[in-house]
Amino acid sequence: MNAIFRSMIFAPGERILHFSTVFGAMRKVIQYIVDRSKGLVTTLEFNVTYPITNDDLVESFANFLNDNERSDAPIRIALIDHISSLPGVVNPIQRLIPLLKEKNILVLIDGAHAIGQVPIDLKALDVDFYITNCHKWLYTPRATAVMYVKKEHQGTIHPSLISQEYKQPSNFQNEFFWTGTFDYSPYMSVLKELMVEP
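1. Some thoughts on the nonpolar core
Piece 1. Residues Leu-17, Phe-61 and Leu-100 are the most contacted members of the largest nonpolar core, which totals 26 residues.
Piece 2. Of all the secondary structure elements, the ones that give two or more residues to this core are strand S1 (15-19), strand S2 (42-46), helix H3 (54-67), strand S3 (75-81), helix H4 (93-101) and strand S6 (106-110).
Piece 3. If you tally residues by element for this core, the top one is H3, at six residues.
Piece 4. Ranked by size, the runner-up nonpolar core spans 21 residues in total, among them Phe-10, Ile-16, Val-22 and Leu-79.

Here is the structure:
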């Protein structure tokens, strides 16, 4: 999340959209961006109260987007949990993403709890960014995760830790592969876990 948010260059007035159920650490990352911009970038929170049906959630979100459309304060990116942690709910992201795409809003899915629990088809979802932690429900060692960045955005995204592979535009795979001395062995377990039949 840090790599994506901190790589973005926000214009004054742009907003970052998130649900009221956003994970606390992600709320802090967004707040950091707002603070660093000295208030030129702001947040927009979609308040959701459970229980709610998927149909009602999608309708409410569509209305919220329409009500908050402003040319002087465009929504630049939306962060949505695939599965929120509090409460533990699977969001209908396959229905929410097109609503954002229609308004040219970048989509970042926090899939921290998704891999190992629900199917993930990145091509079908057509998201800009998707991040999921493998150590939770895929049961791989800690510090393993998957970060997907759509090809068209890879030139602008850099790791939080800049090292010898830094280049502009981004040499995406090289920059993220080598960020310094690191134990890469946990990542070797991910492919093995993905190949396990349910």
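2. A short note on the pairing of S2
A regular strand places its side chains so that they alternate between the two faces of the sheet.
Piece 1. Where S1 and S2 come together, five bridges link them in parallel fashion. Within S2, the position partnered with Arg-15 by the bridge is Thr-42.

3. Quick word on the sheet that holds S6
Piece 1. Judged by pairing direction, the sheet is mixed, and its six strands sit side by side in the order S2-S1-S3-S6-S7-S8 without closing on themselves. On the outer flanks of this sheet lie S2 and strand S8 (145-149), each paired with one strand and no other. Strand-to-strand, the axes of this sheet are offset by a mean angle of 15°, without reference to chain direction.
Piece 2. Where strand S7 (residues 129-133) and S8 come together, five bridges link them in antiparallel fashion. Considered in S8, the bridge of Asn-133 is made with Ala-145.

4. Brief notes about the side chain of Thr-21
Piece 1. Within the secondary structure, Thr-21 is located in the loop between S1 and helix H2 (24-36).
Piece 2. In this structure Thr-21 touches Val-48, Tyr-50, Asp-81, Ser-84, Leu-86 and Pro-87, once residues within four positions along its chain are discounted.

5. Section: the packing of aromatic side chains
Piece 1. On inspection of all chains with the given rule, the structure shows five aromatic pairs.
Piece 2. Note on Phe-46 and Phe-61: the rings are 5.1 Å apart at their centroids and 75° apart in plane angle, and the pair reads as edge-to-face. Residue Phe-46 is found in strand S2, and its partner Phe-61 is found in helix H3; the two are separated by 15 residues along the sequence. Grouping residues by exposure puts Phe-46 and Phe-61 together as buried.
Piece 3. Pairwise contacts between aromatic rings join Phe-19, Phe-46, Phe-61 and Phe-64 into one cluster.
Piece 4. Stacked on the ring of Phe-10, the Lys or Arg Arg-76 has its end atom at 5.4 Å from the ring centre.

About the thresholds
Residues numbered from 1 in each chain as written. Predicted model: local features only at pLDDT ≥ 70, side-chain atom pairs only at ≥ 80, totals over all residues. Heavy atoms only, no water. Core = buried A, V, L, I, M, F, W, Y, C linked by side-chain atoms within 4.5 Å. Buried < 20%, exposed > 50% of the residue type's maximum accessible area, 1.4 Å probe, protein only. Helix = DSSP H or I, 4+ residues; strand = E, 2+ residues; numbered from the N terminus. Pairing = 2+ DSSP bridges. Axes fitted to C-alpha atoms, helices over the stretch in contact; angles between N-to-C directions. Contact = heavy atoms within 4.5 Å. Phe/Tyr/Trp six-rings, centres within 6.5 Å; stacked < 30°, edge-to-face > 60°. Lys NZ or Arg CZ within 6 Å of the ring centre and 35° of its normal.

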